[in-house]
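# Structure at a glance
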Amino acid sequence: MNRLKNLLAGDGTVLTAWTSIQDTLYHSALTATNFDAVTLDMQHGMQTEDSVIRGIAAMAPSGKPVIVRIPVGRFDFASRSLDAGANAIIAPMINTLDDAKRLVEFTKYIPLGNRSYGPTQAVGVLKADRDEYVSNANDVTRVFAMIETRQAVENMEAIVALDGIDGVFCGPADLSISVRNNPLPDPYGADTVEIVRDMAQAARAHDKTAAAFCSSAEHVELVHEMGYRLISFGFDSMYLGTGANTLLSQLSFR
Ligand code: 3PY
Ligand code: MG
């Protein structure tokens, strides 16, 4: 049950796939790639409550951590995802200390939070004893607050310092939109790159994990060099398109 925590121990880097596709056969296929973890995206991705619950169970035999990005404010489903056996939660648009407190309330058992008891599916999926699961869940399930607005940056120190928040997750597109006051994103552009660097330093200063979303190898290298250790790379259309086109490019007659 402490899959993600173990992978991150000792300054380890975890590269996670990021998927919007609801199909459990596809989820299992993703676990067979060299990604270390899989993130099911319910915010902008098309994952549903059903596909998340079934996806977690389908991926369990791989032993790879499953992370769920909940829709904005769906703290109830953060609890349910953990009850279904998710290893980690990414919560978008955590802008204030109150937002962060509410996230912790729903994802950590007492004394850190107020997560309701009932790890129904988790114990089977993670092959854990019920009491063992509950006793260790606060420590081993990871909770990430997305910092992706100007307001969140202003409150970043307080958010990252909060007990129960295990890390910050940089959303570079929304961050650039908010900072530049421009609906067209400029991820990791000149106006936000130093904020992104500060985010990693704030996480490190509190012994928490810095995490980030990337859609190019260049950005993965950039955030890795800054100290980010949970990094998503690409999404479904990139995996399928790059894979198919790489295969086709190997043919001499095309
Ligand atoms: C962002 O870049 O804003 C994200 O939320 C990544 O999905
Ligand atoms: Mg975002």
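Structure shown above.
Below, the structure is looked at part by part. Just so you know, these numbers come straight off a predicted model, no measurement behind them.

## A word on helix α5 (residues 97-107)
Along α5, the residues that are buried comprise A100, L103, V104 and T107. One side of α5 holds all its buried residues, which, seen down the axis, span an arc of 95 degrees. As for α5, its buried residues are in contact with α4 (75-83), β4 (88-91), β5 (142-147) and α9 (156-161).

## Thoughts on the pattern of salt bridges
For side chains of opposite charge, pairing can occur when their charged atoms come near one another. In total, this model carries 14 salt bridges according to the counting rule given. Between D166 and R142 there is a salt bridge, with its nearest N and O atoms 3.6 Å apart. With D166 in the loop between α9 and β6 (167-170) and R142 in strand β5, this residue pair connects regions lying 24 residues apart in the sequence. For the pair formed by D166 and R142, the shared burial category is buried.

## Let's talk about unusual backbone geometry
A cis geometry characterises the amide bond from I110 onward to P111, with omega recorded as 10 degrees. In this structure, D11 takes a positive phi of about 65 degrees despite not being glycine. If you trace the backbone, D11 turns up in the loop between α1 (3-8) and β1 (14-19). Of note in this structure, D207 is not a glycine but carries a positive phi near 60 degrees. Under the relative-accessibility criterion, D207 is labelled exposed at 74%.

Basis of the calculations
- Residues numbered from 1 in each chain as written.
- Chains lettered and ligands numbered in written order.
- Predicted model: local features only at pLDDT ≥ 70, side-chain atom pairs only at ≥ 80, totals over all residues.
- Heavy atoms only, no water.
- Buried < 20%, exposed > 50% of the residue type's maximum accessible area, 1.4 Å probe, protein only.
- Helix = DSSP H or I, 4+ residues; strand = E, 2+ residues; numbered from the N terminus.
- Arc of directions from axis to C-beta.
- Contact = heavy atoms within 4.5 Å.
- Salt bridge = Lys/Arg side-chain N within 4 Å of Asp/Glu carboxyl O.

Distances and angles like these do not, on their own, reveal function.
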